[in-house]
Structures are given as C-alpha cells and as structure tokens.
Amino acid sequence: NPQQPGKEENKLKAYRIDKYQQIFKSGTYLMKVTTNDSSMGDQPVTMAIKNGNMYVEMAMDLEGSSMNCSMLYLKGKDTFYLIFNDWKKYCKMPKDMMGEDMDMGAMMSEMGASDIGKITVSEVEINGEKLILESYVSSDGTTVNYYFQDDVLVRRDNVFSDGHVDSSYFALLTTDVPDSYFEIPKGYGYINLSFLEALA
C-alpha cells in the first residue's frame, strides 16, 4: 500500500476542520454521536438535518426503563412530533412545550460556528490510537478540539475556560441524508397527548 506523494507533509496542515465546518453550515447532514453528557446516557444519538427539517433519535429514561424515542420537526408544517418507536405510536408536541420560535436548523448549524481563529495542528495518541488534532480558540475563550483518524472526524471536545469539557464521539457523519428520516414511519398509530398541554 504505497504512500501517496506529499501525504506526510500535509499531515500537520490545517484543512480538516474546514471541511466539517462546511458540512455543518450546509444544513444537510446525518450523524450518529455519543457524548460524555450523563443526562444523554451512553447510547448513541442519531441526528438528521435537511431542508430545515430535523430528526433526533435517542434512548430516553422513562421511570427507570429505557425507551427508544424520536423527535421530528417538519419545517413546512412548523410542527414537532414525538415518536415512540417501541410502541409504534406518535403524537404532536404542543408548541409551547418546545419553546417559542425554535429554529432547529439554526440551532444545529451552530456547530459550524464561523469565529475560527488560528488553527493549530498536532499528532496525539489517545488510548493507544494516533490521531490528528486540529484545535482553535473561539471568541468566547472556549478551546475547540477536533480529532481525526485518516481525515475522518472521530471526536470533538469543547474545553471551556472553567476546565469543563464537553466531548462528542462520532460514529457517522455524512451529507447523504435519506428523506425517509422526515416521515412518520408506516404503521405507526397516532395518540393524542393533549393532556401534556395541561402540564406545560
């Protein structure tokens, strides 16, 4: 397997973050990610964004048992749906429970923040694995670390000025987003959760 000419020289040049920033800014991507956020658990979260629509699938802790749920936002209908995959049921979410004027596409494109300063590049070893680290400090003082394996993003850390670290571990990140993510699955029945409005 011969080395590509110039590959070693390019190794410590900063070009990888830009590629992924463009993906996040495009507003069309599908990713599977786990985080170190204990409230999210250690189960992977699937997110899909396309045409202002958004899909998020995760395991939710419901009274001590784990349940696979999805949230679907359809921009054309300006409507949120909660989908209970284990029950094959779905419901509309009351708007006031989701917060006013939630622009999901804008929220997700924040990952493609534009205030990137000077990017430093180094080679690091984590758990015996050699990775390329591209890093920059954002305008609010947060250090943002992108870790790459063969130019593929595998991890992103936000290191805040107080020392707190938010880590995201990527199992998949692609711009190939099937439209089926933005449809209620066939055979799923509608349930009326209007009683939730009384709790809002």
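Per chain, the residues get numbers from 1 upward, laid out in the order the sequence is written. pLDDT decides what is reported in this predicted model: residues at 70 or higher carry local features, side-chain atom pairs at 80 or more are listed and counted, and totals for whole chains, interfaces and linings draw on all residues regardless. To obtain the side-chain values, all non-hydrogen atoms of the structure were used and water was disregarded.

Peer 1: I would appreciate a short explanation of the overall build of the protein in the present structure.
Peer 2: On a plain count of helices and strands, the protein comes out with five helices and 12 strands. A 1.4 Å probe rolled over the protein chains alone gives each residue an accessible area, and that area as a share of the maximum for its type sets the label: buried under 20%, exposed over 50%, partly exposed in between. Per-residue burial for the protein yields a buried fraction of 37% across its 200 residues. Surface exposure of the protein reaches about 11,900 Å², of which carbon and sulfur atoms provide 50%. Only DSSP runs of H or I covering at least 4 residues are called helices, and only runs of E covering at least 2 are called strands; the numbering of each starts at the N terminus. Here the Shrake-Rupley method, with its probe set to 1.4 Å, supplies the accessible areas, and only the displayed protein chains count as covering residues.

Peer 1: Could you clarify how one ought to interpret the pattern of salt bridges in this entry?
Peer 2: A carboxyl oxygen of Asp or Glu within 4 Å of a side-chain nitrogen of Lys or Arg is what we treat as a salt bridge. Inspection of every chain in the model, using the stated rule, returns four salt bridges. Put simply, K50 and D179 hold a salt bridge, and the shortest N to O gap is 2.9 Å. With K50 in strand β2 (residues 45-50) and D179 in the loop between β11 (165-174) and β12 (189-190), the pair connects residues that are 129 residues apart, well separated along the chain. Exposure remark for D179: the relative accessible area of 48% places this residue in the partly exposed category. With a closest N to O distance of 3.0 Å, D157 and R155 form a salt bridge. Taken together, the shared-partner salt bridges in this structure form one network comprising R16, E134 and D151.

Peer 1: I tried to follow the nonpolar core on my own but got confused; where do I start?
Peer 2: One recurring pattern in soluble globular proteins is that nonpolar side chains are buried together. Among the nonpolar cores identified, the biggest contains 31 residues, and Y20, F24, Y146 and L173 are the most heavily contacted of them. The contact definition used throughout considers only heavy atoms, calling two residues in contact when any of these lie within 4.5 Å. With near-sequence residues (within four places) excluded, Y20 lies in contact with Y146, F148, D151, V152, L153 and L173. The next biggest cluster of nonpolar side chains, apart from the first, holds 11 residues, and it includes L72, L74, Y90 and F182. The definition of a nonpolar core used throughout is a set of buried Ala, Val, Leu, Ile, Met, Phe, Trp, Tyr and Cys residues joined through side-chain atoms within 4.5 Å.

Peer 1: What should I look at first to understand helix α2 (residues 16-26) in this one?
Peer 2: Since the α-helix advances by 3.6 residues per turn, residues separated by three or four positions end up pointing in the same direction. Among all positions in α2, only R16, I17, Y20, Q21, I23 and F24 are buried. Buried residues of α2 fall within an arc of 160 degrees about the axis and therefore sit on the same side. G27 occupies a position one or two residues after α2 and carries a positive phi of about 75 degrees. Of all possible arcs, the one meant is that of the directions from the helix axis to the C-beta atoms.

Peer 1: What exactly am I supposed to notice about unusual backbone geometry here?
Peer 2: The general pattern is negative phi for most residues beyond glycine and trans for most peptide bonds. A positive phi is found at D78, a non-glycine position, where the angle reads about 50 degrees. Inspection of the secondary structure puts D78 in the loop between β4 (65-74) and β5 (79-84). Residues other than glycine seldom take positive phi values, yet D151 does so here, at roughly 70 degrees. Checked against the element boundaries, D151 lands in the loop between β9 (143-149) and β10 (152-159).

Peer 1: Looking at this model, I keep getting lost on the packing of aromatic side chains. Mind explaining?
Peer 2: Aromatic ring pairs are described here by two measures, namely the spacing of the ring centres and the angle between the planes. Any two of the Phe, Tyr and Trp rings considered here, Trp counted by its six-membered ring, make a pair once their centres fall within 6.5 Å; the pair's planes then place it as stacked at under 30 degrees, edge-to-face at over 60, or tilted in between. All told, the structure shown has eight aromatic pairs when counted by the stated rule. Ring geometry for Y73 and F80: centres 4.7 Å apart, planes at 40 degrees, overall tilted. An identical accessibility class is assigned to Y73 and F80; each is buried. By the ring-pair criterion, three or more aromatic residues cluster together here, those being Y20, Y146 and F148. Whether a charge sits over a ring depends on NZ of Lys or CZ of Arg being within 6 Å of the ring centre and within 35 degrees of the ring normal. Its end group placed over the ring of Y147, R155 keeps NZ or CZ at 5.2 Å from the ring centre.

Peer 1: Can you walk me through the environment of C69 in this structure?
Peer 2: With respect to the element layout, C69 can be found in strand β4. Judged by its relative accessible area of 3%, C69 falls in the buried class. Sequence separation of C69 and W87 is 18 residues, and the distance between their C-alpha atoms is 9.5 Å. Here C69 is in contact with V56, E57, M58, M60, I83, F84 and N85, once residues within four sequence places are set aside.

Peer 1: How should the pairing of β4 be read in this particular structure?
Peer 2: Look at any regular strand and the pattern is simple: side chains alternate between the two faces of the sheet. Extensive coverage of β4 is indicated by the burial of seven of its 10 residues. Bridge count between β4 and β5: six bridges; the pairing is antiparallel. Counterpart to L74 in the pairing with β5 is T79. Hairpin remark: β4 followed by β5, antiparallel, with four residues in the connecting loop; positive phi at D78, about 50 degrees. Whether two strands pair depends on DSSP finding at least two bridges between them.

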